Amino acid sequence: MSTLIELNNVTKTYGDLRALDSVSLEIPAGRIVGLVGPNGAGKTTLLRALTGELDYEGSAKVLGVEPREKRAELMQNTGVIHDIAVLPSWMKVKELLNFMEGIHSGFNREKAETFLKTTTIPMGKKIKTLSKGMKTQLHLAVTLATETKLLILDEPTHGLDILFRKQLYSSVLEDYFDEEKTLLISTHQIEEVEHILSDVIFINKGKILLYTSIEDLGKRYSQLTIPADQADSLREKLQPISEYSLLGRKVFLLDNTETKSLVGYGDVQTPSVADIFVALMGGQA
Amino acid sequence: MKPLMMLLKREWLEWQRVIIGTILVITFLNFLMLLSVARGSSYFHETLQREGHINLEDIKIDDENIGNIDIRMDGNNVEIYVEGENAAGDINHALEKASTPVAFGLRLGMQGIFIFVLFLSLFYFSDAIYKERADASTLFYRSLPVSDHHILGSKIAAGLIGVIGLTFFLSIEYLLFVRLAITVWGEPVNTMIAAVFKQISYVGLMWDWFSYLIYAAIRMGPLALFLMLVGTYVKGRPLLIGIGGPILAAISWSIIFQSAALFKVIGKFFWGFNLVIIDSWKNAIDGIGDGSIPYANPWDYIFNLETLGALMASGLLYYALWFVYRKNIPTG
């Protein structure tokens, strides 16, 4: 499988603050990768480095090019949706489609119009008159209607209601994703996307804490629910990386513990990505 | 090339209301001029009908001779008599001489339009980058397969083409309205002024004017780029900071160091395009009567060291603009 994104010791500093601290990773094609971290973890900085919007130290290659030097070339095959409304507010919806048609050879107007017909967005209205949800829908329409190999979503559901959040991810999966393409989704609402991810990256304070496939994550971590009165004795034996109380019982999150060896102590389950994230961030966020 | 054309078209879409609004304002002013002429014409013809003739005394018709022009009504016909020593013989020479101040007048009207458009262009250049930072659309443009040079180049080109194109278009409209005003005035003014206007080369006037606008575009490069640079960095009020900042700095400099050096530098590199306006004005004041031409050779302005200096300053400012623009500094 070809490598789409390759970073080696990428560092970005703002004065004394290290927004990215020696980040190295490789992301192959055909993956849906969740970039998860708390606010200020460095998610947006990492994405902006990947899209050539920032200077950084170290080396990076995205789709075979150095993003900072060849951003225009990179953007021919990359789509980006930001966490805020970025479409030019003075443009009308129809003008935006005309503009995209002229400026991006991979833009499929018919596809965008078909998508927009499923919404209530009027073609003749200026973008500034649309609601936040409509603006995101419009941006999604033009992005998904553009033929690209990499789609970067930076907190795309920020400020949107629950119905539209679900719709956004199903649109991305149905209308965009296939095994030749890669999706990189930045979010701090992991429970929203964990069911669609193939890989997950945990980032905090500019450092990559964990980068693994969801499959391996399930194999590595396990969750044990036990009666509260057994907690003290088992804690010493199992060394959980985190624990919490639930309805009078104790829940342990365990790292690299054979599931078979836990049978008999209590209920063994595969933890959610959110639980693992909270556990790992517990002492660091 | 296509992305650049699309980005230029984007500039047109964004600014078309300002451009069309400017055309409407100037057209309205032209109509006001036409209305004033029509009223003046009515008064003139009423006087002519009442008095039977209008005598314009002591008109200088060449360097030596002073003559009278007597306009008389003969039934419905209007007759013009030129009285004075050798006046009749010098009539062509007199018309030729009269064409010089008329051409000056036309040129000054066009320069007035240029100053108006120039004023609007200051808003354009200071907002060119600032606006896309303010509404975050800079992130959208950076997600497209276009380079920073494409984006910046389209904005600079759109601004300069806009200043030249709009001024030139409005200048032609102005000349047409002047011609219309003469027709509205009616006889005998129409015949008299037409005879004077025949002495003016419109092609020469417009070609020189166009060349001058090219020169002005080159010389206003540093100002345009400086305003764009300010708009790339500041958090608000780019025009106020872009214009007020250097003036405040120059005033401070002159008070602290008792020297107008900074004013001179600012004047040389940021207001060089005014040179032709100032020169033309001097020509208009001093030159009438001593045979000077209303439009100096614009190529002399274009091919000189100061213009080269302006180009070099533009190059440096463009590099600074590109460098700061790359850093993608949001307003919020």
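Residues numbered from 1 in each chain as written. Chains lettered and ligands numbered in written order. Predicted model: local features only at pLDDT ≥ 70, side-chain atom pairs only at ≥ 80, totals over all residues.

What about the domain arrangement of chain A?
Residue and element names in this part refer to chain A.
Thinking step 1. Parsing chain A into structural domains produces domain 1 (3–216) and domain 2 (217–281).
Thinking step 2. Put simply, the middle of domain 1 and the middle of domain 2, counted by C-alpha atoms, are 34 Å apart.
Thinking step 3. Tallying the contact residues gives 15 residues for domain 1 and 10 residues for domain 2.
Thinking step 4. Elements with a contribution of two residues or more to the side of domain 1 that touches domain 2: helix 7 (190–193), strand 8 (199–204), strand 9 (207–213) and helix 8 (214–220).
Thinking step 5. The element best represented in the side of domain 1 that touches domain 2 is strand 9, accounting for 4 residues. (Domains from an automatic or database assignment. Contact = placed C-beta atoms within 7 Å. Helix = DSSP H or I, 4+ residues; strand = E, 2+ residues; numbered from the N terminus.)

Points about the interface of chain B and chain A
Thinking step 1. Each side of the interface is counted separately: chain B has 18 residues, and chain A has 21 residues.
Thinking step 2. Of all elements in the fold, only helix 1 (2–51) and helix 3 (137–142) of chain B reach the threshold of two or more residues within the side of chain B that touches chain A.
Thinking step 3. Per element, the largest residue contribution to the side of chain B that touches chain A is 6 residues, and it comes from helix 1 of chain B.
Thinking step 4. For the side of chain B that touches chain A, the residue count by class is 9 nonpolar, 4 polar and 5 charged. (Nonpolar A, V, L, I, M, F, W, Y, C, P; charged D, E, K, R; others polar.)

Concerning the sheet that holds strand 6 (residues 150–154) of chain A
Residues and elements named next belong to chain A.
Thinking step 1. A sheet is described by the order of its strands in space; here 6 strands give the open sequence 5-6-7-3-8-9, paired in mixed fashion. Edge positions in the sheet fall to strand 5 (78–81) and strand 9, since each of these pairs with one other strand and no more. Going from strand to strand, the sheet's axes swing by 15° on average, the running direction of each strand aside.
Thinking step 2. Those strands touched by helix 1 (residues 43–50) are strand 3 (32–36), strand 6, strand 7 (182–187) and strand 8, and its axis lies near 150° from that of strand 6. (Pairing = 2+ DSSP bridges. Axes fitted to C-alpha atoms, helices over the stretch in contact; angles between N-to-C directions.)

Some thoughts on the pairing of strand 12 (residues 249–255) of chain A
Two faces belong to every sheet, and in a regular strand the side chains alternate between them.
Residue and element names in this part refer to chain A.
Thinking step 1. By the criterion of burial, strand 12 is predominantly enclosed, with 5 of the 7 residues buried.
Thinking step 2. Judged from the 7 bridges that link them, strand 10 (residues 221–227) and strand 12 form a sheet pairing that is antiparallel. Across the sheet, the residue bridging to L224 is F252, located in strand 12.
Thinking step 3. Of the pairings in the sheet, the one linking strand 11 (residues 242–246) to strand 12 comprises 5 bridges and is antiparallel in character. Its bridge partner being in strand 12, E243 is matched across the sheet by F252.
Thinking step 4. Here strand 11 hands over to strand 12 after 2 residues, with L247 in that stretch at a positive phi of 50°. (Buried ≥ 20, exposed ≤ 12 C-beta atoms within 10 Å, placed from the backbone.)

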